[in-house]
Amino acid sequence: LLPPLKVAVTGAAGQIGYALVMRIASGEMLGKDQLIDLNLIETEAGMSPLRGVMMELEDGAFPLLSSVTATSDLNKGFGDINYAMLVGASPRGPGMERSDLMAANAKIFAEQGKALNTSAAVNAKVLVVGNPANTNALVASENAPDMWEEQFIAMTRLDQSRAQALLAEKAGADVKDVDRVIIWGNHSASQYPDLSHARIGGKWAKSIVKDDKWIKDEFIPRVQKRGAEVISARGASSAASAASAALDTVRDLHLGSGDAWQSNAVVSDGGYGIHKGLWYSVPTICKGDSHFRRVQRLPIDDFSAKMMTATEKELIEERDAVRHLLPGHESKPVSW
Ligand code: NAI
């Protein structure tokens, strides 16, 4: 067995956290030969339900779980961690505007960024799940000046999985045969789920589906609004599937997924003409060294370009809404 890696999960007593921590403990994320130290982070109010989660982890008798710590102290929770999964976020309260929600979360993720900067292991990787995920990742990274921007990823893997499943259903194919589906931009209804490069069993998906009208009028809006569809059916937002996607993201970073394209919202390097410094979802390749590589220079048609700009615009607006909470933005001449 490999010596323990430390994984922190914030919001560990919430819906996603509850589904996620059990699966991390089972070894599905980091491999069946990897010992795990789990640090569960909650608010003070979340400590009581978190005690219950701790009991259930104990009752699971997971052989790979070497230790579990529960805390609301960020520096303790992020101390020497290899992976942080930032799931906890402020929920939208009654009468709260989107901008209020942005500001509330920017505060949380600024504090978490600072604590990660002080306490995390040198090469720690941080996955932001809590919404607005892309902008929260930007805020956390900006508040962690000693960490690389590439250490922070916001999750768009759930959107990719939803898109893959929908395409497989349309084509009557197995989801495992679908690849190169891309999510561009924000994890929000402005995202652009793109089938231009998608393949089914190695063949160009568009030539199998042969239905551009379905792509534009059904596929794209359905993926964009899938979160709302789940909420209206379940009475609560996607949790098990979100946990699954978070696990998939970190597993691929850690163990690799060959040459497959995985959409991740990462800091824009200016590729595809996207404003530098925004956390924007692009296709990446994960070779299993805990880094990602962006898939570069794909041909982009006019329709895609328009969709990619629309979601970029929303991310610029989100950034501007929290700009006052970003330290040092005046000293970043390129994009600020
Ligand atoms: P939830 O409300 O069930 O759980 C959130 C938990 O986070 C609560 O236990 C709460 O006490 C805790 N929390 C709040 N602030 C915290 C803080 N500052 N530090 C530590 N813990 C804190 O919510 P759920 O369903 O688990 O969702 C969590 C987040 O994930 C939400 O923001 C949701 O919008 C987002 N989400 C993101 C998805 C994505 O694809 N990126 C998909 C689905 C949800």
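As the structure is a computational prediction, the values presented were derived from the model and not from experiment. (Residues numbered from 1 in each chain as written. Predicted model: local features only at pLDDT ≥ 70, side-chain atom pairs only at ≥ 80, totals over all residues.)

**Q** Any chance you could explain the pairing of strand β4 (residues 83-86) here in plain terms?
**A** Within a regular strand, the side chains alternate between the two sheet faces. By the alternation rule, side chains of β4 split into Y83 and M85 and A84 and L86, which are all buried. Relative to β4, strand β1 (residues 2-10) runs parallel, the two being bridged by four bridges. For T10, the partnering residue across the bridge sits in β4 and is L86. As paired strands, β4 and strand β5 (residues 125-128) are joined by four bridges and run parallel to one another. (Buried ≥ 20, exposed ≤ 12 C-beta atoms within 10 Å, placed from the backbone. Helix = DSSP H or I, 4+ residues; strand = E, 2+ residues; numbered from the N terminus. Pairing = 2+ DSSP bridges.)

**Q** How should the UniProt feature "domain: Lactate/malate dehydrogenase N-terminal" (unreviewed entry) in the chain be read in this particular structure?
**A** Following the UniProt record, the feature "domain: Lactate/malate dehydrogenase N-terminal" (unreviewed entry) maps to residues 6-145 here. Split by type, residues 6-145 is 43% helix and 20% strand. Its first and last C-alpha atoms lie 22 Å apart. (UniProt positions renumbered as here; feature names shortened; annotations may be inferred.)

**Q** I would appreciate a short explanation of helix α4 (residues 98-119) in the present structure.
**A** In an α-helix there are 3.6 residues to a turn, and that puts residues three or four apart on one side. Its 22 residues give α4 an end-to-end C-alpha distance of 31 Å, which sits within 8% of 32 Å, the value for a rise of 1.5 Å per residue. Of all the residues in α4, the buried ones are M102, N105, A106, I108, F109, A110, Q112, G113, A115 and L116. Where the residues of α4 are buried, they touch α3 (74-77), β4, β5, α5 (133-142) and α11 (302-321). (Expected span 1.5 Å × (residues − 1). Contact = placed C-beta atoms within 7 Å.)

**Q** Honestly, the site of the ligand in this entry has me stumped. Any pointers?
**A** The ligand sits among 28 residues. The nearest are G11, G14, I16, G46 and G88. When residues of the shell around the ligand are assigned to their parent elements, the largest contribution, three residues, is made by helix α1 (residues 15-25). The residue inventory of the shell around the ligand, partitioned by class, reads 13 nonpolar, 14 polar and one charged. When we break the shell around the ligand down by domain, the ones giving at least three residues each are domain 1 (2-154) and domain 2 (157-320). (Near = placed C-beta within 6 Å. Nonpolar A, V, L, I, M, F, W, Y, C, P; charged D, E, K, R; others polar. Domains from an automatic or database assignment.)

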